Amino acid sequence: MFRTALRNVLAHKARLLMTVLAVMLGVAFVSGTLVFTSTLSEATQASSRKGYDNVDVAIQPRSSDNGGGAPGEAPTLDQKLLDKTARVPGAASVTGTVSGFTAVADKKGELTGSGFGTRGANYFPGQDGKDARYPLRDGAAPKGPHEFALDAHTADKAGYKVGDTVRISVDGPVREQKLTGVFTTDDGTVTAGGSLALFDTPTAQKLFAAPGEFSEIDVKAAPGTSQTALKAAVEKVLPKDRAEATTGRQLADEEAAFIAQSMDGMKTSLLTFAGIALFVGVFIITNTFTMLVAQRTKELALLRAVGASRRQVTRSVLIEALVVGAVAAVTGLAAGIGIGAGLRALLNSTGATFPDGPLVVSLSTVLVSLLVGIVVTVLAAWLPGRRAAKIPPVAAMSSVHATATTKSLVVRNTIGALLSGAGTAAILVATGMSDGKATMGAGVALLLIGVLVLTPLLSRPMVALAAPVLRLFGISGVLARQNAVRNPRRTAATASALMIGLMLITGMTVIAGSVQQGVDKMATASLKADYVVSMASRTPLSPDVAKKLASVDEVTASSPLRNSPARIGTDTAYLTGVDGKDFGKLTQLDFTQGSLGELAGGRAVVDDTTAEEKGWRPGSRIPVTFEDGKKSTLTVAGVYKGNQMLKGIILDNTTLAPHQKQITDMQVMVKTKHGATAEAKDALADALGKNPAITIADKKDVSDSISKMITLLLNMLYGLLAMAVIVAVLGVINTLAMSVFERSQEIGMLRAIGLDRRGIKRMVRLESLVISLFGGVLGIGLGVFFGWAVGKMIEATGQLPTYELILPWGRMGVFLALAALVGVLAALWPARRAAKLNMLAAIKAE
């Protein structure tokens, strides 16, 4: 039986080609994901470990927010502690570090790097006058407040040389610094495509902390001193309530674990889409082996007649599947390794630079890829193999194929109806739950399985709807409709593969479009301000920015937004400070109780969620401990509906500022005389020195930024789901090609009675088109339903009260057209093959 199975694989290798391709694509997706994430993780961890080469023990501030003292009061590390640490036995050298966001403009005034990838730090020279962490390639180390050094990657990219004047920004105001040195580094920020600017220590402390303060003290061990021994010695000189010591090895391990955890999220997401592609491939495998078994009915019956048992027949089919799966898995693994290498090169070419490192192909990647390919193929072929063993030998020898009994069809449709009903009920229940993710997931799974079971039943009425259009194509159209419903299970399995892909694409498009609309409305509905000014990195702004904006002639009202930690009772909360005089002109909060009135003195407004939790209402008095430890009482003036833009406790800056250790703004809201105009925006930009690190956004900019983010996310999802659609296309091609082979005699007879080659091609193409559109309509319909259900659940959580269902009719039309295109393209080869059949040879075929 083993030799028979191998002979059958070789005899039907052309018919099994599409199955091999489908499984190969899924395995390639899996192995490519594993290779890419492993390579990226290993390279990032190696780069991170290099950053700790000169760190044997790190001293860091210990958090003091333990329920007593001033909230948010961070302990500091000073020069006195650094000097004391340097005298610890076993310490070879000590380095004080301080860092923060630093934007560097290129020669065109554009920001180099992006977001948090643009950093600044201090150059801390040792006894030899050099900082071992940052070897200088050109020039000299920075000295004084107007000099700085830049990493070689950024300097070369921006075209800067030693002696150039460079515009930078730390917290808003533009600074012009002289470039005195260019250095090389293994710093993870730079290897990941960011920039690193270095200042002398006093300048860096003034920019990122306070004079004489460090954010971390790194200690290098003397030869012969272990990290553990050095840590124990350092701990003896540390103030227990202010600082704690950690070994460099522990910090490296913690960062490696964090990197691995981050990669796990990416890996899980990519593997989910790989699983979808493999799930779609299951339909192709099942369809292929079902058709192969049907075409070899006589052969299988003969085996039974000469003594083969049912188990041996099933085993022979599974052996064929094992061989197909093994071939697909091996080729998929090879392709996946290429995909993993290609993905890294592709991302590097887009500017998303990653640390260099070898391509990592672990033993687990190889085993998982082979196992996935083989197991998926064998499991999908088990049901056709089981059916093959049940064909009675006498019936098979008489060429009477075993058809589905009425009882089996009734049982199938009943199970499908029950599953669909249960799934729909679970989804409807979940739409009204604030935490209904598990119920929603179970409902979606049940409904999807139910629809897959019911698809053969649905195929006849839905294909019948196309009958009037198909009649326009004459006898070819009539034959195409009859062929499409001749074997409902086969049609259903072929259409289901496409249905799943389009269902996910449509559902995500509906949800994304609706969320975008809701966020857009929320962002603009609560603001009357024409512009919101903030750092591109979302880091704090200097209060000088708000002062400069307020002095612009075009500006009629402005207010900075400040955050400050406080303690209310035993709970820590964040207070939001605003300009009470202008705040009402810049926002339009929806008050459920009380009003904004004049926000001054001890008056404050509170969002409805916080008010409900605390039992506050207008007139309630709130005991508060400010950041500096001083206590006061705030009076609730009103309760407003909070959103993602504005929420929490809001009070006047004149009340909050005296208690802040360091005054910074998160953003500044601005209203101008003539609204949001190009002239007004230019005036604001000029007032800020055309600073590339600062974003000046009007309502349209806010909407566009949201739209860009969601469009980027959708395009990524479309790209990932494209694999499932490609596998579905292979399924349609496979089914049609095998169907043409199965109907060779019938096609020969049609040719003999007058249907020309063009008519044969049209018949096969129309059949493919009908099957694809059937899958497309089902997929889009389910996608819209799932999108609606998820949207109702989002509404129930209250996280996005402005959520509104948006049906993207244009995109849904494109998706339906895509389904039609799939049908047309998939039919090209099978239709050509059918038209080229020799008429007489086809009639004589069995």
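Residues numbered from 1 in each chain as written. Predicted model: local features only at pLDDT ≥ 70, side-chain atom pairs only at ≥ 80, totals over all residues. Heavy atoms only, no water.

1. Section: the overall build of the protein chain
Looking only at helices and strands, one finds 28 helices and 24 strands in the protein chain. The dimensions of the protein chain, computed from C-alpha atoms along their principal axes, are 100 × 70 × 50 Å. Nonlocal contacts in the protein chain, meaning residues at least 24 apart in sequence, comprise 82% of its contacts between residues at least 6 apart. Of the roughly 38,500 Å² of accessible surface on the protein chain, 60% is carried by carbon and sulfur atoms. A distance of 16 Å separates the average location of the 87 positive side-chain charges in the protein chain from that of its 66 negative side-chain charges. (Helix = DSSP H or I, 4+ residues; strand = E, 2+ residues; numbered from the N terminus. Contact = heavy atoms within 4.5 Å. Areas by Shrake-Rupley, 256 points an atom, 1.4 Å probe, with all protein chains shown as cover. Lys, Arg positive; Asp, Glu negative; His and termini not counted. Charge placed at Lys NZ, Arg CZ, Asp CG, Glu CD.)

2. Concerning helix α7 (residues 227-235)
Within α7 the residues assigned to the buried category are Gln227, Leu230, Ala233 and Val234. Angularly, the buried residues of α7 cover 125° about the axis, an arc narrow enough to put them on a single face. (Buried < 20%, exposed > 50% of the residue type's maximum accessible area, 1.4 Å probe, protein only. Arc of directions from axis to C-beta.)

3. Regarding the confidence of the model for the protein chain
Predicted confidence across the protein chain gives a mean pLDDT of 84, with 91% of residues reaching 70 or more. Between residues 65-70, whose pLDDT stays under 50, and residues either more than four places distant or in other chains, the model counts 12 contacts. (pLDDT = per-residue confidence, 0-100.)

4. What about the pairing of strand β15 (residues 531-535)?
Counting buried residues in β15 gives five out of five residues, a clear majority hidden from the surface. With burial as the criterion, each face of β15 is covered, one bearing Tyr531, Val533 and Met535 and the other bearing Val532 and Ser534. Where β15 meets strand β23 (residues 667-672), three bridges bridge the pair, whose relative direction is antiparallel. For Tyr531, the partnering residue across the bridge sits in β23 and is Val670. (Pairing = 2+ DSSP bridges.)

5. Topic: unusual backbone geometry
Non-glycine residue Lys690 carries a positive phi angle of around 50°. Structurally, Lys690 can be placed in the loop between α22 (678-687) and β24 (694-697). In this structure Lys690 comes out as exposed when scored by relative accessible area, which is 55%.

6. Structural notes on the environment of Val280
With respect to the element layout, Val280 can be found in helix α8 (residues 248-295). The contacts of Val280, once residues within four sequence positions are left out, are Ala497, Ile500, Ala724, Val727 and Ala728.

7. Description of the sheet that holds strand β1 (residues 57-61)
Pairing is antiparallel across the open sheet formed by four strands, whose spatial order is β3-β13-β1-β14. Edge positions in the sheet fall to β3 (91-97) and β14 (243-247), since each has one partner strand and no second. The average angle at which neighbouring strand axes cross in this sheet is 20°, direction not considered. Across three bridges, the pairing between β1 and strand β13 (residues 216-221) is antiparallel. Bridging across to β13, Ile59 finds its partner in Ile217. (Axes fitted to C-alpha atoms, helices over the stretch in contact; angles between N-to-C directions.)

8. Considering the side chain of Glu767
Looking at the element boundaries, Glu767 is found in helix α25 (residues 757-797). Leaving out residues up to four positions away in the same chain, Glu767 has contacts with Ala480, Asn483, Ala484, Leu736, Ser739 and Arg743.

9. Points about helix α24 (residues 744-752)
When α24 is considered as a whole, its buried residues turn out to be Ser744, Ile747, Gly748, Leu750 and Arg751. Mapping the buried residues of α24 onto a view down its axis gives an arc of 160°, with all of them on the same face. The first or second residue beyond α24 is Gly754, which carries a positive phi of 120°.

10. Digging into the packing of aromatic side chains
According to the stated counting rule, one finds eight aromatic pairs in the structure shown. Ring geometry for Phe124 against Phe214: centres 6.3 Å apart, planes inclined by 70°, an arrangement best described as edge-to-face. Of the two residues, Phe124 is situated in the loop between β6 (118-123) and β7 (136-139) and Phe214 in strand β12 (residues 213-214); the sequence distance between them amounts to 90 residues. Grouping residues by exposure puts Phe124 and Phe214 together as buried. Every member of this aromatic cluster is reached through a ring pair, and the members are Phe148, Phe199 and Phe208. (Phe/Tyr/Trp six-rings, centres within 6.5 Å; stacked < 30°, edge-to-face > 60°.)

11. Observations concerning the nonpolar core
Counting residues in each nonpolar core, the largest one holds 76 residues, and the members touching the most others are Phe273, Val280, Phe289, Leu498, Met499 and Leu782. No other element matches helix α23 (residues 699-742), which puts 13 residues into this core. (Core = buried A, V, L, I, M, F, W, Y, C linked by side-chain atoms within 4.5 Å.)

12. Structural notes on the packing of α24 against α25
Here α24 crosses α25 at 140°, and the two axes come no closer than 10 Å. Judged by the angle between their axes, α24 and α25 are oblique. In the packing of α24 onto α25, the handedness of the crossing is right-handed. Each of Ile747, Leu750 and Arg751 in α24 lies in contact with α25, whose residues at this interface are Arg757, Ile760 and Met763. Partitioning the contact of α24 with α25 into residue classes produces four nonpolar, no polar and two charged. (Parallel < 35°, antiparallel > 145°, perpendicular 65-115°, else oblique. Left-handed = near helix turned anticlockwise from the far one by under 90°. Nonpolar A, V, L, I, M, F, W, Y, C, P; charged D, E, K, R; others polar.)

13. A look at empty space enclosed by the protein
Scanning all chains against the criterion turns up four cavities of 30 Å³ or more. In this structure, the largest cavity spans a volume of roughly 40 Å³. Every residue lining the largest cavity is counted, 10 residues in all, and those nearest its centre are Leu527, Val532, Asp698, Lys699 and Val702. When residues of the lining of the largest cavity are traced back to their parent elements, those giving at least two are β15 and α23. Considering only residue class, the lining of the largest cavity consists of seven nonpolar, no polar and three charged. (1 Å grid on protein atoms, 1.4 Å probe; cavity = no way out; pocket = protein on both sides within 12 Å on 5 of 7 lines; lining within 4 Å. Points joined across faces, edges and corners; volume = space filled by probe spheres on them.)

14. A closer look at the environment of Gly638
With respect to the helices, strands and loops of the structure, Gly638 is situated in strand β21 (residues 631-640). A C-alpha to C-alpha distance of 9.7 Å links Gly638 and Ser620, two positions 18 residues apart in sequence. Once residues within four sequence positions are removed from consideration, Gly638 is found in contact with Phe591, Gln593, Gly594, Ser595, Ala604, Val605, Val606 and Pro618.

15. What to know about the packing of α23 against α25
Following both chains from N to C, one finds α23 and α25 inclined at 140°, their axes separated by 11 Å at the closest point. By the angle between their directions, the pair α23 and α25 is classed as oblique. Read as a crossing pair, α23 and α25 show a hand that is right-handed. Between α23 and α25, the contacting residues are Val732, Leu736, Ser739 and Val740 on the first element and Val764, Glu767, Ser768 and Ser772 on the second. A breakdown of the residues in the contact of α23 with α25 according to their chemical character gives four nonpolar, three polar and one charged.

16. Let's talk about the environment of Val170
In this structure, Val170 sits in the loop between β9 (165-169) and β10 (174-183). Leave out the neighbours within four places in its chain, and Val170 touches Phe101, Thr102, Leu207, Phe208 and Met535.

17. Some details on a nonpolar patch on the surface
Side chains of Leu818, Leu821, Leu825 and Leu828 sit close together on the surface and give an oily, nonpolar patch of about 330 Å² of accessible area. When residues of the nonpolar patch are assigned to their parent elements, the largest contribution, three residues, is made by helix α26 (residues 809-826). Mapped onto the elements of the fold, Leu821 is located in helix α26. (Patch = residues over 30% accessible without salt bridge, like charges linked within 9 Å, V, L, I, M, F, W, Y side chains within 5 Å. Salt bridge = Lys/Arg side-chain N within 4 Å of Asp/Glu carboxyl O.)

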